[in-house]
Amino acid sequence: MLLHTHIHLKHWILRVTESKLPIRSTWRISYFPSCLVACDLTRSSIFRYAKMSSQTMENMKSNLECYEELPLSSSYEMAMEALSSLITRQKRGDRSSVGGKYGKLDRMLMYLKILGLEEKIAGLKIIHVAGTKGKGSTCTFCEAILRECGFRTGLFISPHLIDVRERIRLDGLDISEEKFLVHFWNCWNQLKEKVTNDLPMPPLFQFLTILAFKIFTCEEVDVAIIEVGLGGKNDSTNVIKEPVVCGIASLGMDHTETLGDTLGKIASHKAGIFKVCFHFPLLLNWDDFFPLLFKHQIPAFTVPQLSEAMDVLQQRARELEVPLEVAAPLDHKQLKGLKLSLFGDHQFINAGLAVSLCKCWLQSTGNWEKLLKNANQEDDMMEAFLRGLSTARLSGRAQIVYDTPLKSYNVSEVTESSFGDLIFYLDGAHSPESMDACARWFSNAVKGSWNSPSSSSVKILLFNCMEVRDPHILLPQLVRTCASSGTRFSKALFVPSISTYNKVTSGDSIIPSDLSVRDLSWQFNLQRIWEKIIHNKDVVFDESTKMDRFHPLNLPPYGFLYEDGLSSNPANKSLSFSAVMPSLPLTIRWLRDCVKENPSLRLQVLVTGSLHLVGDVLKLLRR
């Protein structure tokens, strides 16, 4: 059966563009294989799938539930609503309410079987990475390096900051909405058909993990880089039976309510991704089976760790006879004058691990020698590594955003010189170790930034953290590390996040209109801790010093930024070091108004404490 471009059927619409044509043309086709690219298609790619038997077309019809024509944005929001229904906890720290009689990994295997992915996953050449901090950066470096080496890459990381599609990248780009929707509804419908009391729909992270496997197998990536979600041993990604290589990034105290309250216990969970596989020849007599059983240890790498964690990793590696190597941090001299695209001294540790993982992957898959042969010498091949290390991108980690005020004000007569500078330094640090790294990065970044002699620079902290975190540890760590580099905050603003733990939104989702009526008790608690740090003694809050926590217009005056906090007197209810802001959109608007009122002002705002907060700020800045 020949599929012609003029066929019009009633359901799915694909926007197909031909770059050589002067006019964008739209073709309609109704059904297509789930592995067919659903965006950026050209006529040549369509005709690769043109000759199909009628039986193949019928199979595609039965495998793909079609939906009535909807605007892409509407159907995407429907997918977000469906994903939100899979959230089983109202906030972090709550116990998951997944029903059924099977454990997490047993459920994962059953879901994969329903989708026919078991054998397909075995064909993926995977790099599997766990860790407390740095695993996302390590995975991002790996993806960029191997893409620069010429391989088709798939990357699965978490969490997302603005849009859920950030979690799944193909060839360095977030998966398109069109392609996401095709694979999403395909997985959703097949699993929905098999739901029982014993096997309910998978929770959110499990579903996204399954979806990533589905996409990577259908898109036939050369390498899949998979970041562990939580822990390792019991993580949903640990259905990977035979990765090419495993990595464990820096370990620290996080998710202690799940992984344990010591570094050793946490390391034990992370070491759960170490693998040993058994292979044996087929067509053997049973008596010949055991002598010929072949044991294959999956190589593993880690970074320098505290002894309590390293001892556990090495012990587990010895038990499994897994070859575990410690990857040395990258030396800046190895970059040959280039800079890592991810900022912060700690990124040299992550880059070193990524280089070791990529070299091992290339060697294990037989590609190392091929690349060396093509490059003639190892130094030339390493150019691809350097390009990857200098171009990898990961939002919300040591990211600097210069706000553009002209986008924020619909005033034709203003010029850019009418405004001061508003610079956001964003890092989703939320553990003591990552907060220390964030503070060192911020201190170096503001020191190295250009300052006009005529401008006054004010450093602001914009902070929130989840209630499961300990601000009594995070905030002092931030202040101490910054102070050791001579960096001090003029003011601190404590603000609730927009995003909620129980809803998946997209970059275009409508911002709730009731943000200003949220309870700010947690933010006042953060403010109390901050004032105690600054004044070096407890600060007694009189109820009259608090804003009406439900009043949407109660913002500090612009002059608040210039008040001398050192002269404030807590006994007189003067808390000039900090303020609680009623909502994040109002806070961003207020900061923009401050630099509008004072063209000589340079506001350097560190946004940290929560990836949710960082994502919300990025979302607002892009609007």
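Cut-offs and rules
As a convention, each chain's residues are numbered from 1 in the sequence order in which they are written. Per-residue local features are limited, in this predicted model, to residues with pLDDT of at least 70; the limit for side-chain atom pairs, both in listing and counting, is 80 or more; totals at the level of whole chains, interfaces and linings are taken over all residues. For the side-chain quantities, the full set of heavy atoms in the structure was used; hydrogens and water were omitted. Strands here are runs of E lasting at least two residues and helices are runs of H or I lasting at least four, both read from the DSSP assignment and numbered beginning at the N terminus. Note on exposure labels: buried denotes an accessible area under 20% of the residue type's maximum, exposed denotes more than 50%, and partly exposed covers the range between, all computed with a 1.4 Å probe on protein chains only. Any two residues having at least one pair of non-hydrogen atoms within 4.5 Å are treated as being in contact. Surface accessibility in these figures is a Shrake-Rupley result with a 1.4 Å probe; residues are shielded only by whichever protein chains are displayed. The convention used is that axes are lines fitted to C-alpha atoms, helices contributing only their stretch in contact, and that angles between N-to-C directions extend from 0 to 180 degrees. Should the near helix be turned anticlockwise from the far one by less than a right angle, the crossing is left-handed, and should it be turned clockwise, the crossing is right-handed. Residue polarity is assigned by list, with Asp, Glu, Lys and Arg as charged and Ala, Val, Leu, Ile, Met, Phe, Trp, Tyr, Cys and Pro as nonpolar; anything else, Gly included, falls into the polar class. Note on terminology: angles under 35 degrees are roughly parallel, angles over 145 are roughly antiparallel, angles of 65 to 115 are roughly perpendicular, and the others are oblique. A strand pair is defined by DSSP finding two or more bridges across the two strands. To form a nonpolar core, buried Ala, Val, Leu, Ile, Met, Phe, Trp, Tyr and Cys residues must be joined to one another through side-chain atoms within 4.5 Å. To estimate the expected span of a helix, count its residues, drop one, and scale the result by 1.5 Å. Only Phe, Tyr and Trp rings are paired, with Trp represented by its six-membered ring, and only when their centres lie within 6.5 Å; those with planes under 30 degrees apart are stacked, over 60 edge-to-face, the remainder tilted. Consider the ring centre and the ring normal. A charge sits over the ring if Lys NZ or Arg CZ is within 6 Å of that centre and within 35 degrees of that normal. When a carboxyl oxygen of Asp or Glu lies within 4 Å of a side-chain nitrogen of Lys or Arg, that pair is called a salt bridge. When charges are counted, Lys and Arg are positive and Asp and Glu negative, with His and the chain ends excluded. Definition of a polar contact: a pair of N or O atoms within 3.5 Å, with one able to donate and the other able to accept a hydrogen when the atoms are protein atoms, and with sequence-neighbouring residues admitted only if both atoms are side-chain atoms. Cysteine sulfur atoms that come within 2.5 Å of each other are treated as a disulfide pair. pLDDT is a residue-level measure of predictor confidence that goes from 0 to 100.

A. How the structure looks around the overall build of the protein. In terms of helices and strands, the protein carries 20 helices and 16 strands. Each of the 623 residues in the protein was classed as buried or not, and the buried ones make up 53%. Sequence-distant contacts in the protein: of pairs separated by 6 or more residues, those separated by 24 or more amount to 77%. With the model as given, the accessible surface of the protein reaches about 28700 Å², and the carbon-plus-sulfur share is 51%.

B. Fine view of the packing of helix 10 (residues 263-270) against helix 12 (residues 307-320). At a closest axis distance of 8 Å, the pairing of helix 10 and helix 12 adopts a crossing angle of 35°. As for the relative orientation of helix 10 and helix 12, their crossing is right-handed in sense. Counting all contacts with helix 10, which are made through Leu263, Gly264, Ala267 and Ser268, the residues of helix 12 involved are Glu308, Ala309, Val312 and Leu313. Among the residues making up the contact of helix 10 with helix 12, the classes are represented as 5 nonpolar, 2 polar and 1 charged.

C. Focus on the packing of helix 17 (residues 471-484) against helix 18 (residues 521-535). Viewed as axis vectors pointing N to C, helix 17 and helix 18 meet at an angle of 45°, and their least axial separation amounts to 10 Å. As far as their axial angle goes, helix 18 and helix 17 are oblique. Both helix 17 and helix 18 take part in a crossing whose hand is right-handed. Taken together, the residues of helix 18 that come into contact with helix 17 (itself represented by Pro471, His472, Leu475, Pro476 and Val479) are Trp522, Leu526, Ile529, Trp530 and Ile533. Among the residues making up the contact of helix 17 with helix 18, the classes are represented as 9 nonpolar, 1 polar and no charged.

D. Structural view of the sheet that holds strand 3 (residues 168-170). Sheet architecture is open: 8 strands sit in the order 4-3-2-5-1-6-9-10, paired in mixed fashion. Looking at the sheet topology across the chains shown, the edges are occupied by strand 4 (173-174) and strand 10 (324-326). In terms of strand pairing, strand 6 (residues 245-248) meets strand 9 (residues 300-302) through 3 bridges, oriented parallel. Along strand 9, the bridge assignment pairs Ile248 with Thr302. Sitting on the sheet, helix 6 (residues 135-148) touches strand 1 (126-130), strand 2 (153-156), strand 3 and strand 5 (223-227), and the angle it makes with strand 5 is about 170°. Sheet contacts for helix 13 (residues 347-364): strand 1, strand 5, strand 6 and strand 9; angle to strand 6, the most-contacted strand, approximately 170°.

E. Spotlight on the nonpolar core. The biggest cluster of nonpolar side chains holds 44 residues, and the ones touching the most others in it are Leu83, Phe180, Phe184, Phe207, Leu211, Phe213 and Phe216. Top contributing element to this core by residue count: helix 8 (residues 204-218), with 9 residues. Every residue in contact with Leu211, bar those within four places of it in the chain, is listed here: Ile168, Phe180, His183, Phe184 and Cys187. Among the nonpolar cores identified, the runner-up in size contains 42 residues, and Val303, Leu357, Trp361 and Leu386 belong to it.

F. Molecular detail of helix 16 (residues 432-448). Given a rise of 1.5 Å per residue, 17 residues ought to cover 24 Å, and the 25 Å separating the end C-alpha atoms of helix 16 matches this to within 8%. Next to the buried residues of helix 16 lie strand 11 (399-402), strand 12 (421-426), strand 13 (456-463), helix 17 and strand 16 (601-608).

G. The arrangement of the packing of aromatic side chains in detail. Throughout the structure, instances matching the rule amount to 16 aromatic pairs. Ring centres of Trp185 and Trp188 lie 6.3 Å apart, and the angle between their planes is 80°; this geometry places the pair in the edge-to-face category. Of this pair, Trp185 and Trp188 both sit in helix 7 (residues 177-193), 3 residues apart, which is roughly one turn of that helix. The exposure classification of Trp185 matches that of Trp188, with both residues buried. Here the aromatic cluster, defined as three or more aromatic residues joined through ring pairs, consists of Tyr425, Trp441, Phe442, Phe463, Phe489, Phe494 and Trp530. Stacked on the ring of Phe560, the Lys or Arg Lys491 has its end atom at 4.9 Å from the ring centre.

H. Highlighting the pattern of salt bridges. According to the stated counting rule, one finds 20 salt bridges in the structure shown. Among the salt bridges present, the one from Lys101 reaches Asp198, with a minimum N-O distance of 3.9 Å. One end of the pair, Lys101, is in the loop between helix 3 (72-84) and helix 4 (104-114); the other, Asp198, is in the loop between helix 7 and helix 8, and 97 residues separate them in sequence. Using a relative accessible area of 58% as the deciding quantity, one classes Lys101 as exposed.

I. Examining the side chain of Glu531 more closely. With respect to the helices and strands, Glu531 occurs in helix 18. Comment: no salt bridge for buried Glu531; closest opposite-charge side chain is Lys491, at 8.2 Å. Here the side chain of Glu531 touches Ser578 through a polar contact of 2.5 Å, side chain to side chain.

J. Region of the structure containing the environment of Leu526. Note that Leu526 resides in helix 18. Here Leu526 falls in the buried class, since its relative accessible area comes to 0%. On a C-alpha basis, the gap between Leu526 and Cys465 in space is 8.8 Å, while along the polypeptide they are 61 residues apart. Once residues within four sequence positions are removed from consideration, Leu526 is found in contact with Phe463, Asn464, Cys465, Pro471, Leu475 and Phe494.

K. Geometry of the state of the cysteines. In this structure the tally under the stated criterion is 0 disulfides. Unpaired in this structure, Cys187 has its nearest cysteine sulfur neighbour in Cys218, at a distance of 7.9 Å. Relative accessible area serves as the criterion here: at 1%, Cys187 is assigned to the buried category.

L. A look at the confidence of the model for the protein. The predicted model of the protein averages 81 in pLDDT, with 73% of residues at 70 or higher. The low-confidence segment residues 408-416, where pLDDT is below 50, has 12 contacts with residues more than four positions distant or belonging to other chains. Below pLDDT 50 for its whole length, residues 547-552 participates in 22 contacts with residues either more than four positions away or in separate chains.

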